[in-house]
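What the coordinates show
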Amino acid sequence: MSSLGFESFTKKIYIKAPLEKLYWCWATPEGICSWFLQEAVYESREGRERKPKEFVGKGDRYTWRWYNWDGQETGEILQANGKDRIEFSFAEFCRVTVELAKDGDQVLISLTQANIPTDEESKIKLHVGCSNGWTFWLANLKAYLEYGILLHETEKNLRKIPMASFEFVNI
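Residues numbered from 1 in each chain as written. Predicted model: local features only at pLDDT ≥ 70, side-chain atom pairs only at ≥ 80, totals over all residues. Heavy atoms only, no water.

Regarding the nonpolar core
Nonpolar side chains in soluble globular proteins tend to end up buried together. What counts, and what does not: We define the nonpolar core as a collection of buried residues of types Ala, Val, Leu, Ile, Met, Phe, Trp, Tyr and Cys that are connected through side-chain atoms lying within 4.5 Å of one another. Each residue's exposure class comes from its accessible area (1.4 Å probe, protein chains only) as a fraction of the maximum for that residue type: buried when under 20%, exposed when over 50%, partly exposed otherwise. Helix numbering and strand numbering both begin at the N terminus, where a helix is a DSSP run of H or I of at least 4 residues and a strand a DSSP run of E of at least 2. Contacts between residues were defined by any pair of non-hydrogen atoms, one from each residue, lying within 4.5 Å.
Trp-26, Trp-64, Phe-88, Phe-90, Ile-109 and Trp-134 are the most contacted members of the largest nonpolar core, which totals 42 residues. Per-element tally for this core: the top contributor is helix H3 (residues 120-147), with eight residues. Residues in contact with Trp-64, not counting those within four places in the same chain, are Ile-32, Phe-36, Leu-37, Glu-39, Ala-40, Tyr-42, Gln-72, Glu-73, Phe-88 and Phe-90.

Observations regarding the packing of helix H1 (residues 19-27) against H3
Each packed pair of helices is defined by two parameters, the angle between the axes and the distance between the axes. Worth spelling out the cut-off: Lines fitted to C-alpha atoms define the axes here, with helix axes fitted over just the stretch in contact, and angles between the N-to-C directions of these axes take values from 0 to 180 degrees. For classification, angles of less than 35 degrees are called roughly parallel, those exceeding 145 degrees roughly antiparallel, those between 65 and 115 degrees roughly perpendicular, and all remaining angles oblique. Should the near helix be turned anticlockwise from the far one by less than a right angle, the crossing is termed left-handed; should it be turned clockwise, right-handed. Asp, Glu, Lys and Arg are counted as charged, while Ala, Val, Leu, Ile, Met, Phe, Trp, Tyr, Cys and Pro are counted as nonpolar; the rest, among them Gly, fall into the polar class.
For the pair H1 and H3, the least separation of the axes is 12 Å and the interaxial angle reads 130°. Here H1 lies oblique to H3, going by the angle between them. Here the hand of the crossing between H1 and H3 comes out right-handed. Contact with H1, carried on its side by Lys-21, Leu-22, Cys-25 and Trp-26, involves Trp-134, Leu-138, Leu-141, Tyr-144 and Leu-145 of H3 and no other residues of that element. For the contact of H1 with H3, the per-class residue count stands at eight nonpolar, no polar and one charged.

Structural notes on the pattern of salt bridges
Heads up, the rule is: What makes a salt bridge here is a side-chain nitrogen of Lys or Arg within 4 Å of a carboxyl oxygen of Asp or Glu, nothing more.
This structure, assessed with the given rule, holds 14 salt bridges. The salt bridge partner of Glu-146 is Lys-142, with a shortest N-O separation of 2.9 Å. In this pair, Glu-146 and Lys-142 both sit in helix H3, four residues apart, roughly one turn of the helix. For Glu-146, a relative accessible area of 24% translates into the label partly exposed. Three or more residues joined by partner-sharing salt bridges are found here, namely Arg-48, Arg-50, Glu-54 and Asp-60.

Here you go:
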């Protein structure tokens, strides 16, 4: 077993869905908003906003907004091969890689968040917080694709609850 540390983590899940559908869920504005975000805006290197069904490309800049968080995440698409791998900057310092591997009628999703700083605040927010967050969001993606349900809270406004992001499992 490789050693565990705070500078990265990997989360994996099998999902019974076509590989192409899973890539669409990660690599188009419409796809990523279907299970993950309230809004996703991607801008090409040339400064053109991507259409909802259009695949992102290397060098695109993104702005993401969630349902129950007032902030936004901005970053860059570092790789997008059009079929089974996408990589993006995340949370200022980090790099998230999503790899898809067909296995019979399922697809194994492997998500790795790396380059996490190891100061105490980053250990809590970027390692523990994001590790918990990605665990939920991957389960949400599975529920969405296999059962047609979404698990995240879109009706109740949890923004005014100070510890909501630490206490609610479906934020």
